[in-house]
Amino acid sequence: MKLSPISLVQIAPLQNAVQKFHDCYLVSSLGALSRSPQGRKVLENNISHNTRNYNVKFRDIGGKSEDYLISKKTVNNMIFETEGGKSYKLNKIVPPVVKAIELAMNKVIKNHPSKKPFIYRMMENQQDFEYNKPSRFLKMFTGKKPVTLNEGGIRMSLFGKIEKAFNLLKKIEKDKDSVFIAGTGWNMWGINSLPSWHCYSVRQVRMEQNRIVLFDHRKQEEVVLPIQNALHQLKFLTGYFSKDLM
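Predicted model, so just to flag it, every value in this text is computed and none were measured.

**Digging into the pairing of strand 3 (residues 53–61)**
Burial within strand 3 is extensive, with 8 of its 9 residues counted as buried. Here strand 2 (residues 47–49) pairs with strand 3 via 3 bridges, running antiparallel. Bridge pairing in strand 3 places His49 opposite Tyr54. Once strand 2 ends, the chain turns through 3 residues before running back antiparallel as strand 3. Bridging between strand 3 and strand 4 (residues 64–71) involves 7 bridges; their strand directions are antiparallel. Bridging from a neighbouring strand, Val56 pairs with Tyr68 of strand 4. Linkage of strand 3 to strand 4, two consecutive antiparallel strands, is achieved through a turn of 2 residues, within which Gly62 is found at a positive phi near 60 degrees.

This is the structure in structure tokens:
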């Protein structure tokens, strides 16, 4: 049965997609892509479907493109377990496109374990797609290496690379169609700080107004921070300028 690209109607809910599992790297990446014309084109090109299945294409798995067929029945029956041990289906909570990509990531990790860092493979989870790096997911999904500042290494704050961080934020501000994810490391900044090891889609940078606007897909809310605060609390930035995805 012929597959057709997903529509803009199916892509739109990704902007505010709910994160239920420990996969902020994935949900925030999809949220950022869905807000950009070039990102939406990537999603249309990489995800297709018919009445029975979704097909998710990863453009760079060890230098090769791979397709993963995910049945809509499996997507509709996807279960989430709460910390209290209760379980429920995610039908009306998480967009089906997100679930299809999550399940495709399960297959990627099964076939290519090294695509999930060893330390994350040691962590307890409900699904194999939980815990990963947004830069790694973006490169596999788009086939293009993202611009990345300080995602790896021991520095837990962008403040240690303040000049590079400021320059990158200025470029993001100028490119309204850029696709970037911001993430924290181990945060030690007190009760009002961002949580440790969490990812956000970057929605807006306003240097003159001294603010950056992030979206938290887990809490379903915008987070507005002064630039200096953000540089202290954020560990990394990764993503694309609009020209990178053309």
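Resuming the write-up.
**Digging into the sheet that holds strand 8 (residues 179–183)**
The strand order across the open sheet built from 6 strands is 7-12-8-9-10-11, with neighbouring strands paired in antiparallel fashion. Looking at the sheet topology across the chains shown, the edges are occupied by strand 7 (147–149) and strand 11 (221–225). Each neighbouring strand pair of the sheet contributes to a mean axis angle of 30 degrees, computed without reference to strand direction. When strand 9 (residues 199–206) meets strand 10 (residues 211–216), the two strands line up antiparallel, connected through 5 bridges. Within strand 10, the residue paired with Ser201 across the bridge is Phe215. Strand contacts of helix 7 (residues 134–142): strand 7, strand 8, strand 9 and strand 12 (236–240), with the helix running at about 10 degrees to strand 12, the strand carrying the most contacts.

**A short note on the sheet that holds strand 4**
In any sheet, the strands associate via hydrogen bonds between backbone groups, in a parallel or an antiparallel arrangement. Pairing is antiparallel in the open sheet, where 4 strands are placed in the order 1-2-3-4. The sheet terminates laterally at strand 1 (4–5) and strand 4, the two strands that pair on one side only. Contacts from helix 5 (residues 96–111) reach strand 2, strand 3 and strand 4 within the one sheet, and its direction differs from that of strand 3 by about 50 degrees.

**Remarks on the side chain of Lys72**
Along the polypeptide, Lys72 turns up in helix 4 (residues 72–76). Put simply, Lys72 is tucked away with no salt bridge, and the nearest opposite charge, on Glu44, sits 15 Å away. Each residue touching Lys72, except ones within four places of it in the same chain, is listed here: His49, Asn50, Thr51, Arg52, Asn53 and Tyr54.

**Considering helix 5**
A rise of 1.5 Å per residue sets the reference length of helix 5, with its 16 residues, at 22 Å; its end C-alpha atoms lie 23 Å apart and thus fit the reference within 8%. When you tally the buried positions in helix 5, you get 12 out of 16 residues, the bulk of the element. Burial in helix 5 covers these residues: Val97, Val98, Lys99, Ala100, Ile101, Glu102, Leu103, Ala104, Met105, Asn106, Val108 and Ile109.

**A closer look at the pattern of salt bridges**
If you walk through the whole model with that rule in mind, you get 4 salt bridges. Among the ionic pairs, Lys139 bridges to Asp60, the shortest N-O distance being 2.4 Å. Residue Lys139 is found in helix 7, and its partner Asp60 is found in strand 3; the two are separated by 79 residues along the sequence.

Cut-offs used in this document
Residues numbered from 1 in each chain as written. Predicted model: local features only at pLDDT ≥ 70, side-chain atom pairs only at ≥ 80, totals over all residues. Heavy atoms only, no water. Buried < 20%, exposed > 50% of the residue type's maximum accessible area, 1.4 Å probe, protein only. Helix = DSSP H or I, 4+ residues; strand = E, 2+ residues; numbered from the N terminus. Pairing = 2+ DSSP bridges. Axes fitted to C-alpha atoms, helices over the stretch in contact; angles between N-to-C directions. Contact = heavy atoms within 4.5 Å. Lys, Arg positive; Asp, Glu negative; His and termini not counted. Salt bridge = Lys/Arg side-chain N within 4 Å of Asp/Glu carboxyl O. Expected span 1.5 Å × (residues − 1).

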